[in-house]
Each structure stands twice: as C-alpha cells, then as structure tokens.
Amino acid sequence: LDILKRLREAFDQQELFLVFQPKLSLQSGRIVGLEALLRWRTKQGEFISPADFIPLAEQSGLIIRLGEWVLRNAIEQLIALRDKGYKDVHMAVNLSVAQLQHPDILHMLTRVMGEFDVPSHFIELEITESIAMGDIVGNIATLNRIKSMGFKLAMDDFGTGFSSLNYLQQMPIDCLKIDRAFVQTSNSKSGSEIVEMIIQLSKTLGLKVVAEGVEELEQAELLKSLQCDEVQGFYFARPMPQKDLYDWLDKHQ
Ligand code: G
Ligand code: G
Ligand code: MN
Ligand code: NA
C-alpha cells in the first residue's frame, strides 16, 4: 500500500499530468478527437503506469477526486484547442466503473460542465465492459442520465470484457472501440475476420467504430477497407503532452 500513499502525495504535489492521443478519421485523415490519458512522473523522474496505479485509485476511492481532476484538465485542454481553431474535435476521458457508481457522479458532471463554456457533446466518456458486471440495471440507468445530459459514451477495449450482446444492445452508447489486441492480430485471416465482424456489429447497432492500437500501415489500410470510422495508435500519433501535441498538429494537420 506504499504506492497508494505515494499516489495520494503525487496528486497533492502535482506529479500527475495528462497526455493526449489523437483519433483520426480514416476517410479524411483529419483529427476528430483526443483521448486524455493520465501519467505519473515522480520527482525522481520515475514513470509509473496507470495500469499499476489506476486500480489502486479505484480500490481506495481516490479515483473520485482524481477522475474529477482529469475531466477538468481535459476540458481545459479542449477549450485551448477550440481557441486554436479545432472546433470539431472531441475530448475522450476514461471513466472507471467506480466513478459511474459513485452517488455524486451526476452532480460532479453537472458541476464541472457548469465551470466551462463548452457543449457536453464534445466530451466522450469511455467506459469498459466491466459495467456489465454487478448492478447492470443501475449502471444502465446512470448511463442514460449521463447521455441525456448530452455526453457521448464509448465502450472501450471492446471484445475483451464481459458484456454480452444483449447488454450491448441496452447500453446507450455512441461508439465502440475495438481493443488493440484484435487490431494487432488483424494480419491473420481469422484476426481480420474478427475485426470485420466487430465493425459490422457496430454498423448494425448504429454505432461509430474506432480501432485502437494501430501500429502499422497494413493495419490502417485493412481498417479503411473495412470502413472503420476512426483510428488511434502509435502509427499515427502517440499520447503527447500539450506542447508536443501542438507541434504534431502544426506538422500533420
Ligand atoms: O495510457 P496507458 O495505456 O498506459 O493506460 C493504461 C490504462 O489506464 C488504460 O486502460 C487506460 O484506460 C487507463 N487510464 C489512463 N488514464 C486514465 C484515467 O484518467 N482514468 C481512468 N479511469 N483510467 C485511465
Ligand atoms: O484502455 P485504454 O484504451 O483507455 O488505454 C489506452 C492505452 O493504449 C493508452 O495507455 C495508450 O498509451 C495505449 N496505446 C495507444 N496507442 C497504442 C498503440 O498503438 N499500441 C499500443 N501497444 N498501445 C497503445
Ligand atoms: Mn480508453
Ligand atoms: Na483500450
């Protein structure tokens, strides 16, 4: 639990920051959105992965404060980009199931949006299939309220979790994100057929479909031929701090 103590201190001492990874339209090649991702760099210069500290933040409840901070910072970044002329770009923020199930979630979203002059449909909240475990009915009800506030909802890491197609149909989501595990095996026949199937499923359900973890040109070309809507991955751009993001935009957009 030492790392949890350090995480609390890191939060107070501003060792946490956000990086932003572009999402591109496969048709136009233009940036359509960004995903905000949390990073922790200690004063000693050590990087600690969110894969290690997010679960601790979730178990300890710290994710509630941390998640609000992430949302606020991501929106500030979105507004800065809008001021630069990127008016159609959305900002995606990961939302833990612990945040979704917190009694204050709707108030928190209302409070934060009230601080900024940006329409909520420019904010996309990424949830995972773990919301299909536990209180599914309650989770869907909360998602419906969040949706009626205007936020967009995306199902992250799709295909790796526990949601059945039955639940998927009941989720008020706008977008499916194909997990990078499927993108990375898409060079095989069965791998590409799975990707194709997920894209078809998205279209059947009327959802936007995004492929994550695109690392190679061949993957991007396959996804384009299968009419995947958007891509995200190291082949196009890594998650970047603000300054690098602006350099990338100047160079590539
Ligand atoms: O960026 P990276 O691949 O290292 O992220 C690892 C995991 O941490 C991913 O599953 C990602 O969704 C999660 N993560 C990163 N930032 C946040 C955040 O702000 N909130 C939540 N809940 N999860 C995050
Ligand atoms: O679980 P979630 O989809 O929120 O996590 C996103 C994570 O995926 C981020 O930590 C990001 O660093 C990572 N990521 C983004 N693009 C790529 C990629 O092309 N390859 C790999 N291996 N990871 C990626
Ligand atoms: Mn995500
Ligand atoms: Na993912």
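Before any of the text, the structure's been laid out above.
In this text, all values refer to a predicted model and were calculated from it rather than measured experimentally.

Draft legend 1. Molecular detail of the site of ligand 2. Taken together, 15 residues form the shell around ligand 2, and within it Gly-213, Glu-215, Gly-233, Phe-234 and Pro-239 come nearest. Grouping the constituent residues of the shell around ligand 2 by class yields four nonpolar, five polar and six charged.

Draft legend 2. The arrangement of the pairing of strand S1 (residues 16–25) in detail. By the criterion of burial, S1 is predominantly enclosed, with seven of the 10 residues buried. Of the strand pairs in this sheet, S1 and strand S2 (residues 31–41) are connected by nine bridges, and their pairing is antiparallel. Residue Leu-18 lies in a different strand from S2, and its bridge partner there is Leu-38. The loop that links S1 with its antiparallel partner S2 comprises five residues; one of these, Gly-29, has a positive phi angle of about 75 degrees. When S1 meets strand S9 (residues 230–231), the two strands line up antiparallel, connected through two bridges. When the sheet's bridge partners are listed, Ser-25 is paired in S9 with Glu-230.

Draft legend 3. Molecular detail of the site of ligand 1. Around ligand 1, a shell composed of Leu-37, Leu-38, Ser-49, Pro-50, Ala-51, Ile-54, Val-70, Asn-94, Ser-96 and Pro-239 is seen. For the shell around ligand 1, the secondary-structure elements that each account for two or more residues are S2 and helix H2 (50–60). With three residues, H2 is the largest single contributor of residues to the shell around ligand 1. Residues of the shell around ligand 1, tallied by class, amount to seven nonpolar, three polar and no charged.

Conventions we followed
- Residues numbered from 1 in each chain as written.
- Chains lettered and ligands numbered in written order.
- Predicted model: local features only at pLDDT ≥ 70, side-chain atom pairs only at ≥ 80, totals over all residues.
- Near = placed C-beta within 6 Å.
- Nonpolar A, V, L, I, M, F, W, Y, C, P; charged D, E, K, R; others polar.
- Buried ≥ 20, exposed ≤ 12 C-beta atoms within 10 Å, placed from the backbone.
- Helix = DSSP H or I, 4+ residues; strand = E, 2+ residues; numbered from the N terminus.
- Pairing = 2+ DSSP bridges.

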